[in-house]
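Working through the structure, step by step
Letter by letter, the chains look like this.
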Amino acid sequence: MLNTLNSNKVRILYIGNKLEKHGNNVTSIDSLGKLLEAEGHHLTYASSAKNKMVRLLDMIVTTIKSARKTDVVLIDTYSTANFYYALIISQLCRIFNLKYIPLLHGGDLPNRLKNTPKLSRLLFKNAWINVSPSRYLQTEFESAGFHKIKYIPNSIEIQNYKFKSRNTQNCRLLWVRSLAEIYNPKMAINVLHQLKTECPHATLCMIGPDKENLLPSLKTLAAELGVEVTFTGVLTKSDWIKRSEQSDIFINTTHYDNLPVSVIEAMALGLPVVSTNVGGLKVLLRNRENALVVDDNDHLAMANAISELAKNQNLATELSQRGRLDAEQFDWVNIKPKWAEILI
C-alpha cells in the first residue's frame, strides 16, 4: 500500500503519450487518468508534446520536478520504440526512490522479453508491481519469470454505450484503430473485396488516425480492387459511437493485440465482432460464443465469417447479446476496486 499525506488519495505521475489533442486515438493515459481523477486522486501527466524527442525530454524533466511530490508513477508501456521511454523513466524512478508501475499495453511485449531480456529485467523486475490488462500478458510475463504482476483489465463506462440490435444482412462493416501496420488495415479492404461476391451491397467504414502515412496506399488498394471505403480519420469517442449506429458488424484485423478497448466498446454497442485470434483476444473472444474469430491475416476466412453472419441472424443476435454481457464486466464500477487495492 501507498502512504500518502491526504487520507486515501494518492499523488500520481502518469507517463505516456497523451496525444488526443493532436488527433490521435484516446489511450489509457486519457481514459484511466480521468477516471482516477474522478476518484479524488491528484494526477500529473507527461507528455502531450507532439515531437517524440521533445515528448521524451518532457517526461524526464517532469519526473525529476515531480519526484518529491509523487507517491507513485504509472508508465504506459508498449513493445516497440515506446518501450525505451518506459525504460528511461523507470530508471529515473529508481534514482529518486519512486515506486513505479508499468501498465503493459503492447500486444507484442512477450517478444520484447525474449529479444531484450536484460533491459526487460531492468524495467519489470524493479517495478513496484506490473499491471496487465489481459490474462494473456499476465501468463506470458509469469512464464518469463516476472511474478510481480497484477491483472487489472481496461475499463469502460458502460452507461455511455447504448446497446442496439443489428441487421447483419446489410453487411455494413466498421473498423476502428489507428492506420498502422500492426493493426493490418489492408486486410479490412481485402475482406470487403472478397465479401462483395456474397454481399454485393457490403460497405466498410474505417475510423482512426493515419499514424504511419498509410492512407494513400490504402486508397490505392481500394481503387485497384474496385471497392469504396469510407475513411473518416480520427473521431472523438462520442462521434465514432454515433457513427457506429450506421454499422452492423465490427471487424478487427490486428496482427498483435492485448485487450483492445475498441473491441470491448463494439461488444457493448451490440456490434457482432469478427476478429483475428491473436494475443489477448484469444482470452477475450470465444469463437461462436461472443464473436467469430479467424487466423491472423486470413481475409478469406474473415469474409466467410461475415457472410455467415449475414445469412444467420440468429447467430448474430446471440453473439451480440453475449458480447454485451461480457462487455459489462469491464465497467469502471467493477474495475476500480482493483485499482483501490494498489493505490489505497
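Figured I'd write up the structure that's included with this text. (Residues numbered from 1 in each chain as written. Predicted model: local features only at pLDDT ≥ 70, side-chain atom pairs only at ≥ 80, totals over all residues. Heavy atoms only, no water.)

Our next topic: the overall build of the protein chain. A tally of regular secondary structure across the protein chain gives 14 helices and 12 strands. Compactness check: the protein chain gives a C-alpha radius of gyration of 20 Å against a globular reference of 20 Å for 344 residues, within 12% of the reference. Dimensions of the protein chain along its principal axes, counting C-alpha atoms only, are 60 × 35 × 35 Å. Long-range pairs, those at least 24 residues apart, make up 73% of the contacts in the protein chain with a sequence separation of at least 6. (Helix = DSSP H or I, 4+ residues; strand = E, 2+ residues; numbered from the N terminus. Rg over C-alpha atoms; globule rule 2.2 N^0.38 Å. Contact = heavy atoms within 4.5 Å.)

Take unusual backbone geometry next. Along the chain, Ala46 connects to Ser47 via a cis peptide bond; the corresponding omega equals 15 degrees. Mapped onto the secondary structure, Ser47 falls in the loop between strand S2 (42–46) and helix H2 (52–66). Not every positive phi belongs to a glycine, and Asn213 is a case in point at roughly 55 degrees. Here Asn213 is to be found in the loop between strand S8 (203–207) and helix H8 (215–225).

So, about the side chain of Ser90. Mapped onto the secondary structure, Ser90 falls in helix H3 (residues 83–95). By relative accessible area, Ser90 is classed as buried at 0%. A polar atom in the side chain of Ser90 sits 2.9 Å from the side chain of Gln91. Setting aside anything within four residues of it in sequence, one finds Ser90 in contact with Ile75, Tyr100 and Leu123. (Buried < 20%, exposed > 50% of the residue type's maximum accessible area, 1.4 Å probe, protein only. Polar contact = N/O pair within 3.5 Å; in protein donor to acceptor, adjacent residues only side chain to side chain.)

Another point: the nonpolar core. Inside soluble globular proteins, nonpolar side chains tend to come together where they are buried. Judged by nonpolar contacts, the single largest core of 34 residues is most densely connected at Ile189, Leu204, Ile251, Val274 and Ile306. Broken down by secondary-structure element, the contributors of at least two residues to this core are strand S7 (172–176), helix H7 (185–195), S8, H8, strand S10 (249–252), strand S12 (292–294), helix H12 (299–311) and helix H13 (313–328). (Core = buried A, V, L, I, M, F, W, Y, C linked by side-chain atoms within 4.5 Å.)

Glancing now at the pattern of salt bridges. Close approach of charged atoms allows side chains with opposite charge to pair. In this structure the tally under the stated criterion is 13 salt bridges. A salt bridge links Lys150 to Glu341, with the nearest nitrogen and oxygen atoms 2.8 Å apart. Separated by 191 residues along the polypeptide, Lys150 in strand S6 (residues 149–151) and Glu341 in helix H14 (residues 332–343) bring together distant segments of the chain. Glu341 sits in the exposed class, given a relative accessible area of 52%. Three or more residues are tied together by salt bridges with common partners; here these are Arg286, Glu289, Arg322 and Asp326. (Salt bridge = Lys/Arg side-chain N within 4 Å of Asp/Glu carboxyl O.)

This part is about the pairing of strand S4 (residues 99–104). Among the 6 residues of S4, 5 are classified as buried, and the element is accordingly described as predominantly covered. As judged from the 6 bridges shared by strand S3 (residues 72–77) and S4, these two strands associate in the parallel manner. Residue pairing across strands places Val72 opposite Lys99, the latter belonging to S4. (Pairing = 2+ DSSP bridges.)

Of the two faces of strand S11 (residues 273–276), both are covered, the one formed by Val273 and Ser275 as well as the one formed by Val274 and Thr276. As defined by bridge partners, S10 adjoins S11 across 3 bridges and the pair is classed as parallel. When the bridges of S11 are listed, Asn252 appears paired with Ser275. Remark: the S10/helix H10 (residues 261–268)/S11 crossover connection has right-handed handedness. (Right-handed = clockwise from strand over helix to strand, strands pointing away.)

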